[in-house]
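Coordinates in review
Take a look at the letters that make up each chain.
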Amino acid sequence: AIIGGGFTGLSAAIELAERGVDVRVLEAGPIGWGASGRNGGFSCIGSHKLAYGKMISTYGLDATKHFYRAMKQSVDLVADNARRHGIDIWKTASGEITLAHLPNRLEEFRADQIFYRTTFGEENEVLSREQLVERGLAGPEFHGGLMGPVGFGIHPLNYVRGLARAAHKAGATLHPNSRISRWEERDGMHHLSTTSGNLKAKRVLVATNGYTPEAVSNRHAGRILPALSNIIVTRPLTNDELQAQGWTTEQLAYDSRNLLHYFRLLPGKRFLFGGRGGTDSSERAAPSYRAHITRTFHRLFPAWSQAEITHFWRGFVCLSRDLVPYVGPLDERKTVWTALAYHGNGVAMGSWSGCAAARMMLDEKAKGEVPTIITRRLAKFPLPMFRPFYLKGAYVWFGWQDAM
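Nothing here was measured: the structure is a model prediction, and the numbers come from that model.

As a further point, take the overall build of the protein chain. Tallying secondary structure elements over the protein chain gives 10 helices and 19 strands in all. For 404 residues, the compact-globule formula gives about 22 Å, and the C-alpha radius of gyration of the protein chain, at 21 Å, lands near that figure. Principal axes of the C-alpha set define a box for the protein chain whose edges measure 65 × 45 × 45 Å. Counting every position in the protein chain, which comprises 404 residues, the buried fraction comes to 57%. Counted over contacts in the protein chain with a minimum sequence separation of 6, partners at least 24 positions apart contribute 72%. In the form shown here, the protein chain has an accessible surface area of approximately 17800 Å², with 52% of it arising from carbon and sulfur atoms. Where the 49 positive side-chain charges of the protein chain centre and where its 36 negative ones centre are 5 Å apart.

The grouping of L383, M385, F386, F389 and Y390 at the surface amounts to a nonpolar patch, some 530 Å² of accessible area in total. Mapped onto the elements of the fold, L383 is located in the loop between α9 (346-362) and α10 (387-403).

Before going further, it helps to spend a moment on the environment of N198. Inspection of the secondary structure puts N198 in strand β11 (residues 197-201). You can call N198 exposed: its relative accessible area is 65%. With sequence-adjacent residues up to four places away left out, N198 is seen in contact with L192 and S193. Looking at N198, its side chain comes within polar contact range of the side chain of S193, at 3.4 Å.

With that out of the way, let us pick up the packing of aromatic side chains. Applying the stated criterion to the full structure yields 29 aromatic pairs. With a centroid separation of 5.7 Å and an interplanar angle of 20°, the aromatic rings of F142 and F263 are classed as stacked. Of this pair, F142 sits in the loop between α5 (129-134) and β6 (144-148) while F263 sits in strand β15 (residues 261-265), and the two are 121 residues apart along the sequence. Residue classification places F142 among the buried residues on the basis of a relative accessible area of 1%. Accessibility expressed as a relative area gives 0% for F263, which makes it buried. Between F297 and F301, the ring centres sit 5.8 Å apart and the planes meet at 35°, which makes this aromatic pair tilted. Here F297 and F301 have matching classes, each one buried. In this structure an aromatic cluster arises from ring pairing among F142, W247, F263, F271, F273, F297, F301 and W304. Note that K91 overlies the ring of F152, its terminal NZ or CZ placed 4.5 Å from the centroid.

With 15 residues, helix α8 (residues 286-300) extends 21 Å from end C-alpha to end C-alpha; this agrees with the ideal 21 Å at 1.5 Å per step. When we look at burial in α8, the residues that qualify are A286, Y289, I293, T294, T296, F297 and L300. The buried side chains of α8 occupy one side of the element, clustering within an arc of 160° when seen end-on. More than 90 degrees from the buried face of α8, the exposed residues found are P287 and R295. Contacts from the buried residues of α8 go to β13 (224-234), α7 (239-245), β14 (252-255), β15, β16 (271-276) and β17 (309-320).

One open sheet accounts for 6 strands, arranged β8-β2-β1-β12-β19-β18; its pairing is mixed. Looking at the sheet topology across the chains shown, the edges are occupied by β8 (173-175) and β18 (326-329). Note: β18 against strand β19 (residues 336-340), 4 bridges, orientation antiparallel. Opposite Y326, over in β19, you have L340 as the bridge partner. The strands touched by α9 are β12 (204-206), β18 and β19; relative to β18, the strand with the most contacts, the crossing angle is about 20°.

What follows deals with the packing of helix α3 (residues 61-85) against helix α4 (residues 105-120). Interaxial distance between α3 and α4 falls to 11 Å at its minimum, and their mutual angle equals 100°. When the axis of α3 is compared with that of α4, the two are roughly perpendicular. Taking contact as the criterion, the partners of L61, T64, K65 and Y68 in α3 are, on α4, Y116, T119 and F120. In terms of residue class, the contact of α3 with α4 is made up of 4 nonpolar, 2 polar and 1 charged.

Turning to unusual backbone geometry, a few remarks are in order. Non-glycine residue L323 carries a positive phi angle of around 65°. Within the secondary structure, L323 is located in the loop between β17 and β18.

Counted according to the given criterion, the structure contains 21 salt bridges. The salt bridge involving R135 is made with E125; its shortest N-O contact spans 2.6 Å. Separated by 10 residues along the polypeptide, R135 in the loop between α5 and β6 and E125 in strand β5 (residues 125-128) bring together distant segments of the chain. The class for R135 is partly exposed, based on a relative accessible area of 37%.

Another aspect to go through is the pairing of β15. For β15, a buried count of 5 out of 5 residues is recorded, marking the element as mostly surrounded by other parts of the structure. Because side chains alternate across β15, one face comprises the buried residues H261, F263 and L265, and the other comprises Y262 and R264, equally buried. Alignment of β14 against β15, held across 2 bridges, turns out to be antiparallel. In the sheet register, A253 faces β15, and the bridge partner there is F263. The sheet contact formed by β15 and β16 spans 5 bridges and is antiparallel. By the bridge assignment, H261 is partnered in β16 with G275. In textbook terms, the turn of a hairpin is the stretch between consecutive antiparallel strands, and for β15 and β16 this stretch comprises 5 residues, one of which, G268, has a positive phi near 100°.

Cut-off values and rules
- Residues numbered from 1 in each chain as written.
- Predicted model: local features only at pLDDT ≥ 70, side-chain atom pairs only at ≥ 80, totals over all residues.
- Heavy atoms only, no water.
- Helix = DSSP H or I, 4+ residues; strand = E, 2+ residues; numbered from the N terminus.
- Rg over C-alpha atoms; globule rule 2.2 N^0.38 Å.
- Buried < 20%, exposed > 50% of the residue type's maximum accessible area, 1.4 Å probe, protein only.
- Contact = heavy atoms within 4.5 Å.
- Areas by Shrake-Rupley, 256 points an atom, 1.4 Å probe, with all protein chains shown as cover.
- Lys, Arg positive; Asp, Glu negative; His and termini not counted.
- Charge placed at Lys NZ, Arg CZ, Asp CG, Glu CD.
- Patch = residues over 30% accessible without salt bridge, like charges linked within 9 Å, V, L, I, M, F, W, Y side chains within 5 Å.
- Salt bridge = Lys/Arg side-chain N within 4 Å of Asp/Glu carboxyl O.
- Polar contact = N/O pair within 3.5 Å; in protein donor to acceptor, adjacent residues only side chain to side chain.
- Phe/Tyr/Trp six-rings, centres within 6.5 Å; stacked < 30°, edge-to-face > 60°.
- Lys NZ or Arg CZ within 6 Å of the ring centre and 35° of its normal.
- Expected span 1.5 Å × (residues − 1).
- Arc of directions from axis to C-beta.
- Pairing = 2+ DSSP bridges.
- Axes fitted to C-alpha atoms, helices over the stretch in contact; angles between N-to-C directions.
- Parallel < 35°, antiparallel > 145°, perpendicular 65-115°, else oblique.
- Nonpolar A, V, L, I, M, F, W, Y, C, P; charged D, E, K, R; others polar.

Dropping the structure here:
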């Protein structure tokens, strides 16, 4: 049984079904209408929040290089999935740029450029403010950029629906509207009670990321930290409006804040703008978050301050205590598995991790193919009942850092 019909769960379902395994995918809502279909569509590197220097000192240089290669492979996997399964993902041009939100960040970009070259063999390009303008990446608070070659934009709902069709074609059975209400273990089997029926399974993969209900899956209890991300989308912009702002490219972009903003021009000339932040997921809090992110968007892209905002949504990204993803078992018998904690970047890494989890469930030797950084552990947060306060404190600290 696979709990979760998003990028991770469906990728695992395809991998398992193609190997002849009887696969049942349980999804709380209609397949493909979960968080995986409602994100920013960034297929790129960056599924961790642990700085590379800390990663190298903790796990070693070779392990860090292995993890970086896996992230690059995950981006290629999305493109391969689209080709193999005939999915129209609305793929945009390759590359991703980090934009300096303060002038001193540009010097850091030059150091980063050297680090990426010497450590990973990756060639990035440092762009001045003037070069940003020349390439259609202009904004009053963008003081330069670091352009990387890996990444592209997609239509996430098209992609996840395509994965669902591919999983069905491979032989997996998809059960929409099957929210888990009870999970028991008896006689060496997992008994899953849902709103639409009951299921008995030998092995279970939990692939619900930041939406994992700890009351049902207590093996995750205290081990993940959901955090809100908010997105707005404008009406289609005219060519004159694009020229007035100086942003004319479909390049993936985000700024250099810890509490970053991410944005891109969509096919059809709508503009998507997202941002981290917020700890209140209730419906009553949604209007204030929409107003806040809209004000920020108008400040960064003032020429579009009169453009109507036609769409707003928000959802959970998922953090781990170690600030890296986790793929692996959750019990000693290795009958319960998970793949999660992509730190706001799960389009590519979620797809890759689902395949990796499936291979590891079938073959113990497959673990050697997966970076040890993401198979090491899914550690509990200290005093996990205080996780919401940790998050609020982190927002205050990061906000101060970003301003300074």
